[in-house]
Amino acid sequence: MVMDISSERVVTAMNREDGMFLIQAKAVILAMGCRERPRGALNIPGYRPAGIFSAGTAQRLVNIEGYMPGKEVVILGSGDIGLIMARRMTLEGAKVKLVAELMPYSGGLKRNIVQCLDDFGIPLKLSHTVVDIEGKEHITAVTIAKVDENSKPIPGTEERYTCDTLLRSCGLIPENELSVSAGVELSPVTKGPVVNESLETNIPGVFACGNVLHVHDLVDYVSEEAKKAGQTAAKYVAGLIGESKGNMIRLKAEQGARYTVPSTVDPDRMDDLLTVRFRVGDVFKDAYVSVYFDDERVQHQKKRILTPGEMEQVILQKKKLASYPDLKTITVRIEKE
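Please read these numbers as outputs of a predicted model, since none were measured by experiment.

K.L.:
I'm lost on the overall build of the protein in this one. Help?
P.N.:
Secondary structure summary: the protein contains 6 helices and 22 strands in total. Taking the principal axes of its C-alpha atoms as reference, the protein extends roughly 65 × 60 × 30 Å. Sorting the 337 residues of the protein into buried and exposed places 45% on the buried side. The long-range share in the protein, meaning contacts at least 24 apart out of those at least 6 apart in sequence, stands at 59%.

K.L.:
Can you help me understand helix α2 (residues 80-91) in this one?
P.N.:
Owing to its 3.6 residues per turn, the α-helix brings residues three or four apart onto one side. Its 12 residues place the ends of α2 17 Å apart at the C-alpha level, agreeing with the 16 Å of an ideal helix rising 1.5 Å per residue. Buried within α2 we find Asp-80, Gly-82, Leu-83, Met-85, Ala-86 and Met-89. Turning to α2, the residues buried within the fold contact α1 (55-65), β7 (72-76), β8 (95-101), α3 (110-117) and β13 (165-168). Positive phi appears at Gly-93, one or two residues downstream of α2, with a value of about 105°.

K.L.:
Is there a simple way to explain the packing of α2 against α3 in this structure?
P.N.:
Packed helices, taken two at a time, are described by the angle between their axes plus the distance between the axes. The geometry of α2 relative to α3 is characterised by a closest axis approach of 8 Å and an angle of 20° between their N-to-C directions. The angle between the axes of α2 and α3 places the two elements in the roughly parallel class. Relative to α3, the crossing made by α2 is left-handed. For the pair formed by α2 and α3, the contact residues are Asp-80, Leu-83, Ile-84, Ala-86 and Arg-87 on the first element and Asn-112, Ile-113, Gln-115, Cys-116 and Leu-117 on the second. By residue class, the composition of the contact of α2 with α3 is 6 nonpolar, 2 polar and 2 charged.

K.L.:
Could you clarify how one ought to interpret the pairing of strand β22 (residues 329-335) in this entry?
P.N.:
If a strand is regular, its side chains alternate between the two faces of the sheet. Counting buried positions along β22 gives 7 out of 7 residues, so the element sits mostly inside the fold. Burial along β22 is two-sided: the residues Thr-329, Thr-331, Arg-333 and Glu-335 and Ile-330, Val-332 and Ile-334 are all buried. Two strands pair when backbone bridges link them, and strand β16 (residues 249-254) and β22 are joined in this way by 5 bridges, in the parallel orientation. From the neighbouring strand, Glu-254 faces β22, where its bridge partner is Arg-333. Sheet topology note: the strand β19 (residues 284-293)/β22 ladder contains 6 bridges and is antiparallel. The residue bridging Phe-293 from the neighbouring strand is Ile-330, located in β22.

K.L.:
What is the right way to look at α3 in this model?
P.N.:
If you check which residues of α3 are buried, you get Asn-112, Ile-113, Cys-116 and Leu-117. Considered in projection along α3, the buried side chains sweep an arc of 105° and stay on one side of the axis. Buried positions along α3 lie against α2, β8 and β9 (124-126).

K.L.:
Which parts of the structure should I look at to understand the sheet that holds β22?
P.N.:
Hydrogen bonds between backbone groups are what pair the strands of a sheet, and the pairing can be parallel or antiparallel. Across the sheet, 5 strands lie side by side as β17-β16-β22-β19-β20; this open sheet has mixed pairing. With partners counted over all chains shown, the strands left at the sheet margins are β17 (264-265) and β20 (296-306), one partner each. Two elements, β16 and β17, share 2 bridges in a ladder whose sense is antiparallel. Each bridged residue has a counterpart across the sheet, and for Ile-249 the counterpart in β17 is Val-265.

K.L.:
Please clarify how the sheet that holds strand β12 (residues 159-162) should be interpreted in this entry.
P.N.:
With respect to topology, 3 strands assemble into an open sheet ordered β10-β11-β12, the strand pairing being antiparallel. The open sheet has two edge strands with one neighbour each: β10 (128-134) and β12. Sheet twist, expressed as the mean angle between neighbouring strand axes with direction ignored, is 30°. Sheet topology places strand β11 (residues 141-146) next to β12; 4 bridges connect them, and they run antiparallel. When the sheet's bridge partners are listed, Thr-143 is paired in β12 with Arg-160.

K.L.:
I tried to follow unusual backbone geometry on my own but got confused; where do I start?
P.N.:
Generally, phi is negative for residues other than glycine and the peptide bonds are trans, each holding for most cases. Residues Val-261 and Pro-262 are joined by a peptide bond in cis, for which omega reads 10°. With respect to the secondary-structure elements, Pro-262 resides in the loop between β16 and β17. If you check the backbone angles, Lys-191 has positive phi at about 65° while not being a glycine. Here Lys-191 shows up in the loop between α4 (177-181) and β15 (206-208).

K.L.:
Sorry, what's going on with the pattern of salt bridges here?
P.N.:
Side chains that differ in sign of charge can pair as their charged atoms come close. On inspection of all chains with the given rule, the structure shows 15 salt bridges. A salt bridge links Glu-72 to Lys-97; its shortest N-O distance comes to 3.0 Å. You can see Glu-72 sitting in strand β7 and its partner Lys-97 sitting in strand β8, a full 25 residues away along the chain. Relative accessible area serves as the criterion here: at 31%, Glu-72 is assigned to the partly exposed category. Note that Arg-277 is salt-bridged to Glu-224, the shortest N-O span being 2.6 Å. Residue Arg-277 is found in strand β18 (residues 273-278), and its partner Glu-224 is found in helix α5 (residues 219-237); the two are separated by 53 residues along the sequence.

K.L.:
What exactly am I supposed to notice about the state of the cysteines here?
P.N.:
Simply put, disulfide is the name for a covalent bond between the sulfur atoms of two cysteines. The full count for this structure, using the stated rule, is 0 disulfides. Distance from the sulfur of Cys-34, which forms no disulfide, to the nearest cysteine sulfur (Cys-209) is 12 Å. The class of Cys-34 is partly exposed, set by a relative accessible area of 25%.

Procedures and definitions
Residues numbered from 1 in each chain as written. Predicted model: local features only at pLDDT ≥ 70, side-chain atom pairs only at ≥ 80, totals over all residues. Heavy atoms only, no water. Helix = DSSP H or I, 4+ residues; strand = E, 2+ residues; numbered from the N terminus. Buried < 20%, exposed > 50% of the residue type's maximum accessible area, 1.4 Å probe, protein only. Contact = heavy atoms within 4.5 Å. Expected span 1.5 Å × (residues − 1). Axes fitted to C-alpha atoms, helices over the stretch in contact; angles between N-to-C directions. Parallel < 35°, antiparallel > 145°, perpendicular 65-115°, else oblique. Left-handed = near helix turned anticlockwise from the far one by under 90°. Nonpolar A, V, L, I, M, F, W, Y, C, P; charged D, E, K, R; others polar. Pairing = 2+ DSSP bridges. Arc of directions from axis to C-beta. Salt bridge = Lys/Arg side-chain N within 4 Å of Asp/Glu carboxyl O. Disulfide = S-S within 2.5 Å.

Following this line, the structure appears as structure tokens:
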């Protein structure tokens, strides 16, 4: 278990055989993943009885331990784990009464909404949240209500559902306590490290990938990032990645795009193709993903639908960047036309 990482890449770790020890690493890859958002961050009123689980905990209980959390289930939040557990609990014989989502859009993949909710007749109530939990020893019922544009419950819209289980699927948080102790700069949007084209953080020789970098929807992307982080870390140790010559181009997200990974790119150090991943902040239909080199639009791709639950990407070509020697900023925008 790693206890600490210093800015000089000294790793403090411990195990049963050796106790606590230090490792002076030449390179470090941060791959701690993410954790589920706790109930305390949700401000749900009511008692704290038994029967309230995070969706990931319920997933472990059912899939690994062989225990059923309950028989009458309400799910708060439409993240992918919550949607998958709606189907899993149904297949195991439970009655999933509904999935309530605070936002006016789902936080999960469209295919999971179709395959996990629609196929089993489980209702999804958008712009709804839990406003009361009943039961002292064990949960007996919850009350949900519709919310306004400020996420405040609207009086008179309350609906009560009896249940013995409440599953929370309300988002994931990158596990970055070790990153902070190392002095790694974090993005205020993703809560993960700010990285360059090599997935390297502001600390030389410290790289990041996967859900500790930003929360993914597909494990394929996690695997791709892990492979790239491993390759670039190995090159760093071998001395094949030198210091940047200062030709650092900043990546910006605007007009519906929330962030980009990476945040900067050095054309001299990048591969022939660079994948830039991002998420949008709202649902967009028949919109365009545009890429600007300073003020010149160089990519303009039409998308039938863009949703916050599904990660998007654009590809940058090293050959193209080379033809813009004075380029300062690359901007990703969502445009209507």
